[in-house]
Every structure is written in structure tokens, then in C-alpha cells.
2 protein chains.
Amino acid sequence: MAQSYVMIGGEGPLSYAKNSSYQGGVVDVAKPIIEEAIKQKLDINELCSNGLMNNFWIADFGCSTGHNSFLAMQMITRAIGENFQSIRSVSQIPDFYVFFNDQVTNDFNTLFRSLPPERHYRAIGLPGDYHRCLLPKASLHFAYSSWALHWLSQVPKAVEDPNSPAWNKGRVHYSGARQEVVDAYSSQYAKDMGAFLEARAQELVSGGLMALVFPGAIPTSVENPNTSYSDVPSETALIGSCLMDMAKKGRVSQAKIDSFNFPIYFTFPEELKAVIERTGSYNIERIETLDNPGKHTLTNANARASFYRAAFEGLLIDHFGCEIIDELFDRYAHKLEASPAVLHPDNDKSVMIFVLLKRI
Amino acid sequence: MAQSYVMIGGEGPLSYAKNSSYQGGVVDVAKPIIEEAIKQKLDINELCSNGLMNNFWIADFGCSTGHNSFLAMQMITRAIGENFQSIRSVSQIPDFYVFFNDQVTNDFNTLFRSLPPERHYRAIGLPGDYHRCLLPKASLHFAYSSWALHWLSQVPKAVEDPNSPAWNKGRVHYSGARQEVVDAYSSQYAKDMGAFLEARAQELVSGGLMALVFPGAIPTSVENPNTSYSDVPSETALIGSCLMDMAKKGRVSQAKIDSFNFPIYFTFPEELKAVIERTGSYNIERIETLDNPGKHTLTNANARASFYRAAFEGLLIDHFGCEIIDELFDRYAHKLEASPAVLHPDNDKSVMIFVLLKRI
């Protein structure tokens, strides 16, 4: 992944750490499901087939500065510990090692300095691209990733190629774009998600679990569930329209906008299932869409603008320079204020996809 | 360890990264010895006693921002790879995993961003106090530490206690101090080094090697090799004398100086041997003192002042505040300039201690 995809580090007012309560909602809603999954699907006796199990390895892929990750890791280690306790005994609870993964340019300093002092695991930093294998073969017992897998490793090349039928001129994302653009995004997603799943298949032990949560979409057409398109109001399209307004005022060049696209894709359950099944390495134990309670935290225009700024600023600065950022997000907040209905939680149609996989 | 012991991060002109060529000399001088040690003492067949070895774990304890560590890790992985190649075969060279350890407050961001792209290992960050166990039991094959183990986990308590006979009033280190002060430092060292060795004994596999390099001392008296004191010109004493000059001018309070001491100890081979033997976990394969070629890099007053500033600034700011730092190191540089003989490499009597241990 490019450096620019990294969230804003530190703990300042614009940092990802201070603007990720929306994603934090994921932990709340996924908590009972993951706890139940660990209880029902983690076969302790299978994992301990060689006798005692001294070390239990967990990894969080795309953890950013860790604020939401710490909650998840606490919940996961506690649930696994209880499982060991009930199936084996307290004395057989293994030592937990948590590998915090993100790109090498992630703010690991903030992550390490924020580690909860009362944690029941040893924390390890695992820098690197999670589309490749990062841990030893068959070493990992539980893989987790939250709010990361909707990021593509790159914008699909065709979308930025003026000679391609998929060239996405005048837009910054696939929302509302031609089918060629949507298809280019969809195949980049299949490639990236496939690489992620293949890499984890190498690392996971047989019987190991993987819980993934990330924003996704619901197909608009029931007749055609393969339409990779949804009625999720696209925040990225709104940012795009602010950029177009700025182009009209001469604040940013049209060519700059034409060569920019968000490297984000919102998959939907059927599409994801096909990608998983292609690997041949997992049983799909559970796949579903969840509502995100975190959206109730973004009911005013400025909060929402800060949230998307924390997520996208690096990417936008990298392409447009830092001069336009304040104006862009001011315009964005004004656009939201002008249509308050958009801000109402009932109108936030975003969904999260939750998947639980078991390594065969 | 306290936060203040961490070296200056980043890559600015005052950073540790830009001011650690002195320590870098350690890699140069230790290189042939470590290469030879790996060839002669790393018993590949013993390590592979359970069949094939897929993963080879190396850890660098106290790696700071990694600039000298990368050279060492490259050298170590290459030497081990050659060893595997000659004793088994190319196809049996395992995957190398290097765990970069330092305190949680270390600048891991700079470390990760500076990782050499052409490395033949996967890099992992291992934040935490190396006086405790950080890795799974019997998981580590090669432990390394350079220029870190002369740092104590804390200033010996008695040295800062006005009611103790070891109170070190009017000095900032044990150089030239009363025997009680020296003894307090020595027993703190034995405790810290003992804890480090015990933790590594847990982590190392049987037959695993540990190579340690750090600044030490040569006992002044041949008749009494237990004298923990040497003729190494003490840089810390020179900083102390600058602080005393500043106290006379009212720039810093005498009480502040009385309550400050450097948490550093320069052991000597006989003392170190005794600490190692007390653990009962290692064979001492090699122990010797080496000359440091890095000292040729510090032959002008400003270079030397920058070097010690990078190493000690955090610690000094924590106690004295940041206002005095510029003046302190200006004075330090002037004192050095006034006695140019001190700067001549031939007058740098510092030694490094090199130890090679094998886990029984």
C-alpha cells in the first residue's frame, strides 16, 4: 500500500485516534458475535492436539494506532481464556501474544505508547503489507481485522488510464460511475482480498479462526445480486462534488480531479463469498451484514467532516497538496449542514460485513 | 526503564540515528568475531534435531532506531544462512524473523520506516523492558545486544538517598566517588544484568547463541581485579563538572545536581563472568575486551558533544528541564576544546566488552 493510505497518527484533534469512534462501534456490535463464535467454533482440543498449548497467537491486521484494536484484543483474549478454562483448566490458559499489524508507515509509536497497562497479552508490532505473508507458516491461531479490508492496495489502473474504457473522468469513486469503472474496482478488490486470504491461510494453523469486519454494501437489485452497487449514500461522492465545486472556482484543476480516485471498495456478501471459496482454504462459519451503531456518533456536520478528514486526509494531501484540505472539508461540512436529513442516523444506510472463517 | 532513557528519535541533526557512528564502530569490530562465532559455535544439526527448521528467530535487544542494528542483522542473517548452506543445503535455509526490541517509548516509527528494502528477514517490533521475558519460551535462536547493557534500569536508590552512606552528593556518577557509591552501582548492575540473562535463558532454545557488546572498563588494579573502577576517562564526570560550573553561576541549583545520577555502569570481565555463571544457564564461549574504532569518529569537540547530547539529552531534560541543555553542551564542547589532548583517539581508553554465550 502507498504511504498516503495511513491514517493520521498521534492523538491530536484531527488524529485517527480521536476520530475513530464510528469504527469503534464495530467492536460493540461485533463483540457478542465474536464471543459466541469463539465459544462455539474455536475447538480447543483440536488446537491442543499435540498436548499442552503454551502460546496462543492472535493478530490484528490493519490496527492503525490501536485505540479500537485494544478493546477488541481484550475481548478476544478474555473469551479465549474462558474457553480454555471451561474446556481444559485455568492452569492450561496459554500465554497470549498479540501481533499488531499495519503498514510500515503507520504510527506504531502512538500504538505502543497507548497499550493498556492491564492487558493480558504480550504486544508485538508487525509492520508490513498484509497482502503478503508476514508470520511463520501455521503459527497463528486467531486472525482479526476491523475496518481495514475495504481499502484497496491501489486504485485500479484502468480507472486512471485515459485510454481505457474504464477511465473515471470527472468522478473520484465508482459511485454512480459506468459499469466498466465498477468492474475495474470489483476485480481489484477480488485480487486484494484474495491475496489477504491466501497469506492468512499460510499463517493460520488448521482449526484457527479469522474474524473480519469492514464496511460493505447491500446490492440494490434483488434480481441481480451480483451488482456491486448499493444504495449506501456515498461520502466519497460528496467529497468528489466538493472538489468539482472547487474546480469551478479555479481552486483545483479539473485534470487533478480526473486523475484522482479513492482506493476503496464496498463489497457485498455474495461477492465476498465467491472470493473466499476460490481460496479453498476456509470454511465459512458465518457471514452477515450488521448495522453500525457507531453512526449515531456522527450526527453533526463537523463531527462527520472530522471523521472523514482523519480517514482521507493523507490520501488527499498526497494528490492535491495540503493547501486545499481546510477548504475542502469546510465545504463538505456546509453541504451536510444544508441537507440535515443526510445526517440523521436513520438515513445512514451503511452496513458492516462480518465474516467468521475457519482454516481447514 | 524510565521513558527518559530513550535515545532521541527521528533523523534530525541531534537524533540518535545521526549521532551513533561511535556505536556503529562496534558492528565493524565485532563483525569478524560474530561471524567466526556463528561458524564455530552455532550447531545447526543440534538446532535441527527435530528435523527441518523452517523459522530462525533473532532478536536485537535495545535496538534504538535501528541504524546500527540493520548492519548487524544483515551480517548475522548472512552468516547463519551460509552456515545452513554449508552444513545442510541451500534449500534448508530457514526464514529469518528479526525481533527489534526496545522500550515502548522508543521511536519505532523511524526504525520501521528505515528498514532496508533488500533485507533477507521479516522485521517485527518487540516493545518492552528487556529485563523481563518478552518472547515465548524456547523460541529464540540468536540473541544480540549492542551498546545497551551498560544502561541500568534505574539509578541505585541508595545513591540518591541523603540518609544512606552511599549518597552521591556533589557528583553525577560513580567516577571518583566513594566505595559505597561504586558498590551500589555494582549491585544494581548485577541485578539488572542478572534479570536480562534470566529472561533470555527462558526465551533461547537449547544450543541458541547470544552475542553481547557494550562499553565496559578495565580494572585499574591488577592486584585487585574486583575493583569496579577503571582509568576510562569519564564523559559523565565531565558533564558533571559542567553542571557544577553552572551551579556556581546560579544557572542550576546544587540540590538538583545532588539528586541526579547517570544510570550507567561500566562492568569489567571478571564481574560480568560472575553474574553470568550465577544464572547457571549458559556456557561462556568467549569473553573479551575490544578496542572501539568508532572513537576515531569523535575527534572534534562538537562531534563529541552532539554524540553525548543524543545519548543523554532525554535523561537530562527529564531532571533539569530543557532550558539548560544548549548551555550545558556548549560548555562541554568548550571544556573539550580547551584540552585537545582528550580528543585524541589514543587518549580514549574506553573498551568494549564482547561476550558470546551458548544456552545450555
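Residues numbered from 1 in each chain as written. Chains lettered and ligands numbered in written order. Predicted model: local features only at pLDDT ≥ 70, side-chain atom pairs only at ≥ 80, totals over all residues. Heavy atoms only, no water.

## Side note on helix H8 (residues 269-279) of chain A
Residue and element names in this part refer to chain A.
- Along H8, the residues that are buried comprise Glu-271, Leu-272, Val-275, Ile-276 and Thr-279. Seen along its axis, H8 keeps its buried residues to an arc of 135 degrees; they face one direction. Away from its buried face by more than 90 degrees, H8 exposes Glu-277 and Arg-278.
- In this structure, the buried residues of H8 make contact with helix H5 (179-203), strand S5 (204-216), strand S6 (282-291) and strand S7 (351-359).
- Once H8 ends, the next one or two residues include Gly-280, with phi positive near 70 degrees. (Buried < 20%, exposed > 50% of the residue type's maximum accessible area, 1.4 Å probe, protein only. Helix = DSSP H or I, 4+ residues; strand = E, 2+ residues; numbered from the N terminus. Arc of directions from axis to C-beta. Contact = heavy atoms within 4.5 Å.)

## Observations regarding the nonpolar core
- Counting residues in each nonpolar core, the largest one holds 86 residues, and the members touching the most others are Phe142(A) and Phe142(B).
- Those residues in contact with Phe142(A) that lie beyond four places of it in its chain are Ile34(A), Ile38(A), Phe56(A), Trp57(A), Ile58(A), Ala59(A), Ile76(A), Ile80(A), Leu204(A), Leu209(A) and Ala211(A).
- Among the nonpolar cores identified, the runner-up in size contains 84 residues, and Met193(A), Ala201(A), Tyr265(A) and Val159(B) belong to it. (Core = buried A, V, L, I, M, F, W, Y, C linked by side-chain atoms within 4.5 Å.)

## Looking at the environment of Ile34(A)
All names here are of chain A.
- Note that Ile-34 resides in helix H1 (residues 21-41).
- Between the C-alpha atoms of Ile-34 and Phe-354, which are 320 residues apart in sequence, the distance is 9.5 Å.
- When residues no more than four places from it in sequence are discounted, the contact partners of Ile-34 are Met-75, Ile-76, Phe-142, Tyr-144, Ala-211 and Phe-354.

## A short note on the layout of surface pockets
- Put simply, the largest pocket is a space of about 1,200 Å³.
- Around the largest pocket sit 41 residues that line it, and Asn55(A), Trp57(A), Ala138(A), Ala138(B) and Ser139(B) are the ones nearest its centre.
- Of all elements in the fold, only helix H2 (44-47), strand S1 (55-61) and S5 of chain A together with helix H2 (44-47), strand S1 (55-61) and strand S5 (204-216) of chain B reach the threshold of two or more residues within the lining of the largest pocket. (1 Å grid on protein atoms, 1.4 Å probe; cavity = no way out; pocket = protein on both sides within 12 Å on 5 of 7 lines; lining within 4 Å. Points joined across faces, edges and corners; volume = space filled by probe spheres on them.)

## Some words on the relation of the copies chain A and chain B
- Take chain A, turn it by 180 degrees, move it 0.0 Å along the axis, and it overlays chain B with an RMSD of 0.0 Å. Taken together, the rotation and translation relating the two chain copies correspond to the operation of a two-fold axis. When each C-alpha of chain A is compared by its distance to the rotation axis, Gly125(A) comes out closest, at 2.2 Å.
- The share of interface residues of chain A whose copies in chain B are also at the interface is 100%, consistent with both copies meeting through the same surface. (Least-squares fit on C-alpha atoms with pLDDT ≥ 70 in both.)

## Examining the confidence of the model for chain A
All names here are of chain A.
- With 89% of its residues at a pLDDT of 70 or more, chain A shows a mean pLDDT of 88.
- Contacts from residues 225-233, a stretch scored under 50 in pLDDT, to residues over four places away or in other chains number 31 contacts.
- Predicted complex, confidence summary: ipTM 0.88, pTM 0.90. (pLDDT = per-residue confidence, 0-100.)

## Let's talk about the interface of chain A and chain B
- Tallying the contact residues gives 22 residues for chain A and 22 residues for chain B.
- Across the chain A/chain B interface, buried area totals approximately 1,900 Å², and carbon plus sulfur atoms make up 56% of it.
- Applying the counting rule to chain A against chain B returns zero salt bridges.
- For the pair chain A and chain B, the interface holds 16 residue pairs in polar contact (both at pLDDT 80 or more).
- Sorting the residues of the side of chain A that touches chain B by element identifies S1, strand S2 (95-102), helix H4 (108-113) and strand S3 (122-127) of chain A as the ones contributing at least two each.
- Per-element accounting of the side of chain A that touches chain B gives the leading share, six residues, to S3(A). (Buried area = accessible area lost by both parts, 1.4 Å probe. Salt bridge = Lys/Arg side-chain N within 4 Å of Asp/Glu carboxyl O. Polar contact = N/O pair within 3.5 Å; in protein donor to acceptor, adjacent residues only side chain to side chain.)

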